[in-house]
Amino acid sequence: MRYLVISLFFCCISCTSYIKKNNFKKVSETTVSAHNPYFSDLTKDYVYKANIKVYDNNFSGIFIVKKISKSKHRIVFTTEMGAKIFDFTFHNNDFKVNYVIENLDKKLLLNVLEKDFRMLVHEQQSVINEYVKDATTVLETKIEGQTSFYEFTPKGKLTRIVRASKRKRKVDIIFSTISMDTAKNIQILHHNIKLNINLKAIN
């Protein structure tokens, strides 16, 4: 019983610490949903110059996201010469590793990349709570049990997704240089492990 009380206490912290720290105020009722439009076009290949730093490894190359069907995305990362570094498929709740180089073929790391890239391409998510500060709106969601916060500008542009751990923010996905429904610059920043991903769109 004592363990249950403690667990519930930290669960409450996980859902509010990011909000309280940034002085967001809760909206009494919400009927909106969290929408990420940046990888939603079936006719488009999203191609980025990428740099991925993971612990003592530094990988540079071409990062491609392709929406294959309504509920399926494929993400491929290659060297500039075309050699694959990794190749993943997301289909609904399923995650398939089509290929990954040996240096990255670690269960823990693959789990982290799966969560990161699922947030990156997940298009529509129901909202638990809505918060506001000045003209910024934050929508609290859960993706496979993970609490996430979507930040929107007054014009409805998604600029950041934050995944929270039990006690603090864990990962930030930052979208910038936004044109239409494309984020030309994307950063995935981890606060608890040495993993950062930088993507810059290739025109």
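Numbers given for residues are sequential positions, taken from 1 along each chain in its written order. Per-residue local features are limited, in this predicted model, to residues with pLDDT of at least 70; the limit for side-chain atom pairs, both in listing and counting, is 80 or more; totals at the level of whole chains, interfaces and linings are taken over all residues. By convention in this description, side-chain values take in all heavy atoms of the structure and omit both hydrogens and water.

### Structural notes on the overall build of the chain
Put simply, the rule is: Numbering of helices and strands starts at the N terminus; helices are DSSP runs of H or I of at least 4 residues and strands are runs of E of at least 2. Any two residues whose heavy atoms approach within 4.5 Å are treated as being in contact. Here the open area of atoms and residues is found with the Shrake-Rupley method and a 1.4 Å probe, where only the protein chains shown may cover a residue.
Within the chain one finds two helices and 15 strands. Pairs at least 24 apart in sequence give 43% of the contacts found in the chain among residues at least 6 apart. Of the roughly 11,500 Å² that the chain leaves accessible, carbon and sulfur atoms contribute 53%.

### Comments concerning the nonpolar core
The condition that has to hold: As used in this record, nonpolar core signifies buried Ala, Val, Leu, Ile, Met, Phe, Trp, Tyr and Cys residues forming a set joined through side-chain atoms within 4.5 Å. Between buried and exposed lies partly exposed: a residue is buried under 20% and exposed over 50% of the maximum accessible area for its type, with that area taken using a 1.4 Å probe on protein chains only.
Phe 63, Phe 86, Phe 117 and Ile 186 are the most contacted members of the largest nonpolar core, which totals 44 residues. Ranked by residues supplied to this core, first place goes to helix α2 (residues 107-121) with eight residues. Of all hydrophobic cores here, the second largest spans five residues; its members include Tyr 131, Val 138, Phe 149 and Ala 164.

### Thoughts on unusual backbone geometry
One non-glycine residue with positive phi stands out, namely Tyr 55, at about 55°. Looking at the element boundaries, Tyr 55 is found in the loop between β3 (45-54) and β4 (57-69).

### Description of the packing of aromatic side chains
Threshold: Any two rings among Phe, Tyr and Trp, with Trp reduced to its six-membered ring, count as a pair given centres within 6.5 Å; such a pair is stacked if its planes are under 30 degrees apart, edge-to-face if over 60, and tilted if neither.
Counted by the stated rule, this structure contains twelve aromatic pairs. Measuring from centroid to centroid gives 6.4 Å for Phe 63 and Phe 86, while their planes differ by 85°, and the two rings are edge-to-face. Of this pair, Phe 63 sits in strand β4 while Phe 86 is found in strand β6 (residues 84-91), placing the two residues 23 residues apart along the sequence. According to the relative accessible area criterion, Phe 63 is buried, its value standing at 0%. Classification of Phe 86 as buried rests on a relative accessible area of 1%. With centroids separated by 6.3 Å and ring planes inclined at 40°, the aromatic side chains of Phe 88 and Phe 117 adopt a geometry described as tilted. Taken as a pair, Phe 88 in strand β6 and Phe 117 in helix α2 lie far apart in primary sequence, 29 residues in all.

### So, the environment of Ile 62
Mapped onto the fold, Ile 62 is located in strand β4. Using a relative accessible area of 18% as the deciding quantity, one classes Ile 62 as buried. Measuring from C-alpha to C-alpha, the distance between Ile 62 and Thr 78 comes to 5.3 Å, with 16 residues separating the pair along the chain. Excluding residues within four positions of it along the chain, Ile 62 makes contact with Val 47, Tyr 48, Val 76, Phe 77, Thr 78, Thr 79, Glu 80 and Ile 202.

### Remarks on the pairing of strand β11 (residues 146-152)
Along a regular strand, successive side chains alternate from one face of the sheet to the other. We count it as follows: For two strands to count as paired, DSSP must find a minimum of two bridges between them.
Burial runs high along β11: six of the seven residues are buried. Connecting strand β10 (residues 136-143) to the next strand, β11, in antiparallel fashion are two residues, including Glu 144 with a positive phi near 50°. Between β11 and strand β12 (residues 158-164), which follow one another and run antiparallel, lie five residues, and Gly 156 among them has a positive phi close to 85°.

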